[in-house]
Amino acid sequence: MDRKTVTLLGVPIDAVTRKQAVALILEMLEGGQIQRFFHTGGKHHVMTPNSEMLVEALKNKKFREVLNSTSLNIPDSIGLLYMAKFSGKKLPQRVTGVDTVTEVCIRLSNNHQVFLLGAGEGVAQKAAKKLQAINPKLRISGTYAGTPKDEDAPEIIRRINDARPHLLLVAYGAPAQDLWINKHLDQLASVRVAIGVGGTFDFLAGTKKRAPKIMRGLGLEWMYRLVKEPRRIGRIWRAVIVFPWMVICNRRSIS
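Residues numbered from 1 in each chain as written. Predicted model: local features only at pLDDT ≥ 70, side-chain atom pairs only at ≥ 80, totals over all residues. Heavy atoms only, no water.

(A) Structural context of the overall build of the chain. When you go through the chain residue by residue, the secondary structure sums to 12 helices and 8 strands. By residue count, 49% of the 255 residues in the chain fall in the buried class. Considering only contacts in the chain between residues 6 or more positions apart, those separated by 24 or more positions represent 73%. In the structure as shown, the chain presents an accessible area of about 12300 Å², 51% of it carried by carbon and sulfur atoms. (Helix = DSSP H or I, 4+ residues; strand = E, 2+ residues; numbered from the N terminus. Buried < 20%, exposed > 50% of the residue type's maximum accessible area, 1.4 Å probe, protein only. Contact = heavy atoms within 4.5 Å. Areas by Shrake-Rupley, 256 points an atom, 1.4 Å probe, with all protein chains shown as cover.)

Right, here's the structure in full:
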């Protein structure tokens, strides 16, 4: 599969459906040399960009560089689809991180183990139990909260290397989770695919509720989250107002 992307604010977003994204991640785990996706040493960093992350990338050079070096950037917000359409291009579907991760874990063979890193204390364990309830054959090799701080990295790396997973899910929120993956992936001997998953563990564990399906389908998930978590207003503002404005102002950056 050739990598077809739409570039928004200088960041390539892969024009894939969820089915295609899941298939690509599974192939990465099998060690397949996917055209334009294969990284040296067979390691892959998958990201789930949303509107807010692209705004962050405008001012955060390192984060922008990471977004431009991944194996796969799946479009995890309806705003990306709208702005791609504005540019005259097309992203076929919103591909949410939580749905993609769940589907990958449902389809994983017994040959692959998963490690869940991040979120609040105990949340990863609850998320792991949820995933194993969905797929009793899923092999979870470990969970750990930790933090993305440099002083915690040696212990995290030791735990992951002892557990020997092929798939690493990191829930520290962006940009911290993806900067952490970019910095440490080469030190994780067994890991073939690492994905920054944001709030996925919280949704799986039930510590946070997703918007009703109808609101997600209408692109109004941001409104639901704002009502539930008013403190997110700054983040919502960047995603709903700042991002479209920046795309309009930087139309030459869209291809």
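Past the structure itself, the notes keep going.
(B) Local environment of the pairing of strand β8 (residues 193–196). Along β8, one buried face is formed by V193 and I195 and the opposite face, lined by A194 and G196, is buried too. Taken together, the 3 bridges between strand β3 (residues 44–47) and β8 define a ladder with parallel strand orientation. Its bridge partner lying in β8, V46 is registered against I195. Pairing of strand β7 (residues 167–171) with β8, which is carried by 4 bridges, proceeds in the parallel orientation. Bridging from a neighbouring strand, L169 pairs with I195 of β8. (Pairing = 2+ DSSP bridges.)

(C) Region of the structure containing the nonpolar core. Among the nonpolar cores identified, the biggest contains 36 residues, and L116, L167, L169 and F201 are the most heavily contacted of them. Ranked by residue count, the leading element in this core is helix α1 (residues 18–29), at 7 residues. With residues up to four places along the chain from it excluded, the contact list for L169 reads V101, V114, F115, L116, L117, I195, V197 and F201. Of all hydrophobic cores here, the second largest spans 21 residues; its members include V6, A57, L67 and L91. (Core = buried A, V, L, I, M, F, W, Y, C linked by side-chain atoms within 4.5 Å.)

(D) Expanded view of the pattern of salt bridges. A full pass over the atoms with the stated rule returns 7 salt bridges. Close ionic contact of R94 with D76 constitutes a salt bridge, the shortest N to O distance being 3.8 Å. Of this pair, R94 sits in the loop between α4 (78–86) and α5 (97–107) while D76 sits in the loop between β4 (72–73) and α4, and the two are 18 residues apart along the sequence. Across the pair E155 and R158 runs a salt bridge whose closest N-O atoms are separated by 2.7 Å. With a gap of 3 residues between them, E155 and R158 both fall in helix α7 (residues 153–163), about one helical turn apart. Accessibility expressed as a relative area gives 29% for E155, which makes it partly exposed. Where salt bridges share partners, they join E155, R158, R159 and D162 into one cluster. (Salt bridge = Lys/Arg side-chain N within 4 Å of Asp/Glu carboxyl O.)

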